[in-house]
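Observations on the model geometry
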Amino acid sequence: MSGSISNRLASAAPRVLVVDGSKVVRQLIARVLRAELPEAEVVDCGSGAEAQRLLDGGVFDFITIALRLPDMDGLELAHYVRESAPQIYVPIVVVSGDVDARLHQRTLGEDVTDYFDKSLGFQALAEFIRGYVRPESAAEGTVLYVEDSRVVALATRRMLEKIGLTVRHVVSVEDALALLETERALGRVGADVVLTDVSLKGDLTGGDLLEHVRNRFGYGKGRLPVLVMTGDENPANQAALLKAGANDLVEKPVEERLLVTKLLFQLRVARHLRQHDATT
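Residues numbered from 1 in each chain as written. Predicted model: local features only at pLDDT ≥ 70, side-chain atom pairs only at ≥ 80, totals over all residues. Heavy atoms only, no water.

Residue Lys252 is joined to Pro253 through a cis peptide bond whose omega torsion reads 0 degrees. Relative to the helices and strands, Pro253 resides in the loop between strand S10 (248–251) and helix H10 (256–278). (Helix = DSSP H or I, 4+ residues; strand = E, 2+ residues; numbered from the N terminus.)

Here you go:
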């Protein structure tokens, strides 16, 4: 990950990256997106290498990738995004009209959020993308919030409840794990997203919570997104949290609009992934 956490808000000026070897296809997609999503900045390129340079230079809110690129496989580029891009959990959608076994068998791998069939039309693609980049002022969902400062917890809880979210607040990782264990015994996850600080009361840290959620419980990033709040600006430490399974990071002290934007983004992506899984 390059540099510290980006503070650019997805809702301020959403950026969409279109990667396709065909100039005609890129122009068609870009034209429809600019008409249907005038608030969005659409950037297009024709190769994986060019996409990598663009990704290294800034954050995007949505990426479409052709399955076959002139210089690499689209899935190779998707993996690069997950491993190297500043915003590691940006939605990546393969846009293809090819009759490819990977599409039909849904064997695109965990780096790809979804696939879109060109035969559905680019108007449908614009609507699909709109669900990710359109600003939201209200939402539904349950947040498992782990914070040991009473003052910080009260302020943050008010932020989240103000937009309609349900907050389940605990003060330690131990308490969070006990709650998740109880819910799992009842056949439930227990939350739609986890919001946690790194340094907490007790013997366990936010990093330990990530390890337990991803490995002990086996919840992937789509099943239970985890957003980590941290005051550590060291890029290596930030990258370690993302590698451990964090969907995204928020710098402390927390800025309300940034926190809400990132949280709603994770809820939206997770909801889409669950709906996709339910129909496949």
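From this point, the narrative continues.
Let us now look at the sheet that holds S10. If you trace the 5 strands from one edge of the open sheet to the other, you get S7-S6-S8-S9-S10, paired in parallel fashion. Single-partner strands in this sheet number two, and they are strand S7 (166–170) and S10. Across this sheet, the average inter-strand angle for adjacent strands is 20 degrees, counted without regard to direction. Bridge count between strand S6 (residues 142–146) and S7: 5 bridges; the pairing is parallel. Within S7, the residue paired with Val146 across the bridge is Val170. (Pairing = 2+ DSSP bridges. Axes fitted to C-alpha atoms, helices over the stretch in contact; angles between N-to-C directions.)

Side chains of a nonpolar character, in soluble globular proteins, are inclined to be buried together. Leu144, Leu209, Val213, Leu224 and Val228 are the most contacted members of the largest nonpolar core, which has 24 residues in total. Excluding its chain neighbours within four sequence positions, the residues that come into contact with Leu144 are Arg168, Val170, Ala176, Leu179, Leu180, Ala191, Val193, Val194 and Leu195. Within the second largest apolar cluster, 22 residues are counted, among which are Cys45, Ala51, Ala66 and Val81. (Core = buried A, V, L, I, M, F, W, Y, C linked by side-chain atoms within 4.5 Å. Buried < 20%, exposed > 50% of the residue type's maximum accessible area, 1.4 Å probe, protein only. Contact = heavy atoms within 4.5 Å.)

On to the confidence of the model for the chain, then. Of the residues in the chain, 83% reach a pLDDT of 70 or more, and the chain-wide mean stands at 83. Long-range and interchain partners of residues 1–11, a stretch whose pLDDT sits below 50, account for 36 contacts in this model, where long-range means more than four residues apart. (pLDDT = per-residue confidence, 0-100.)

This part takes up the packing of aromatic side chains. What describes a pair of aromatic rings is the distance from one ring centre to the other and the angle between the planes of the rings. Inspection of the entire model under this criterion finds 1 aromatic pair. When the ring of Phe217 is compared with that of Tyr219, the centres are 5.8 Å apart and the planes differ by 10 degrees; the resulting orientation is stacked. A cation over an aromatic ring shows up here: Arg15 above the ring of Phe60, its NZ or CZ 4.2 Å from the ring centre. (Phe/Tyr/Trp six-rings, centres within 6.5 Å; stacked < 30°, edge-to-face > 60°. Lys NZ or Arg CZ within 6 Å of the ring centre and 35° of its normal.)

What follows concerns the packing of helix H2 (residues 48–57) against helix H3 (residues 74–84). Two numbers describe how H2 lies on H3: the axes approach to 10 Å, and their chain directions differ by 15 degrees. Taken together, the axes of H2 and H3 lie roughly parallel to each other. When you trace H2 past H3, the crossing you get is right-handed. Contacts between H2 and H3 pair Gly48, Ala51, Gln52, Leu55 and Asp56 from the former with Leu77, Tyr80 and Val81 from the latter. Of the residues that constitute the contact of H2 with H3, the class distribution is 5 nonpolar, 2 polar and 1 charged. (Parallel < 35°, antiparallel > 145°, perpendicular 65-115°, else oblique. Left-handed = near helix turned anticlockwise from the far one by under 90°. Nonpolar A, V, L, I, M, F, W, Y, C, P; charged D, E, K, R; others polar.)

Moving on: the pattern of salt bridges. By the definition in use, this model includes 10 salt bridges. Between Arg216 and Glu181 there is a salt bridge whose closest N-O contact spans 2.4 Å. Here Glu181 lies in helix H7 (residues 173–185) and Arg216 lies in helix H8 (residues 206–216), a separation of 35 residues in the sequence. In this structure Arg216 comes out as partly exposed when scored by relative accessible area, which is 40%. Two residues, Lys252 and Asp197, come together in a salt bridge whose shortest N-O distance is 2.6 Å. Of this pair, Lys252 sits in the loop between S10 and H10 while Asp197 sits in strand S8 (residues 193–197), and the two are 55 residues apart along the sequence. On the accessibility criterion, Asp197 (7% relative accessible area) is buried. (Salt bridge = Lys/Arg side-chain N within 4 Å of Asp/Glu carboxyl O.)

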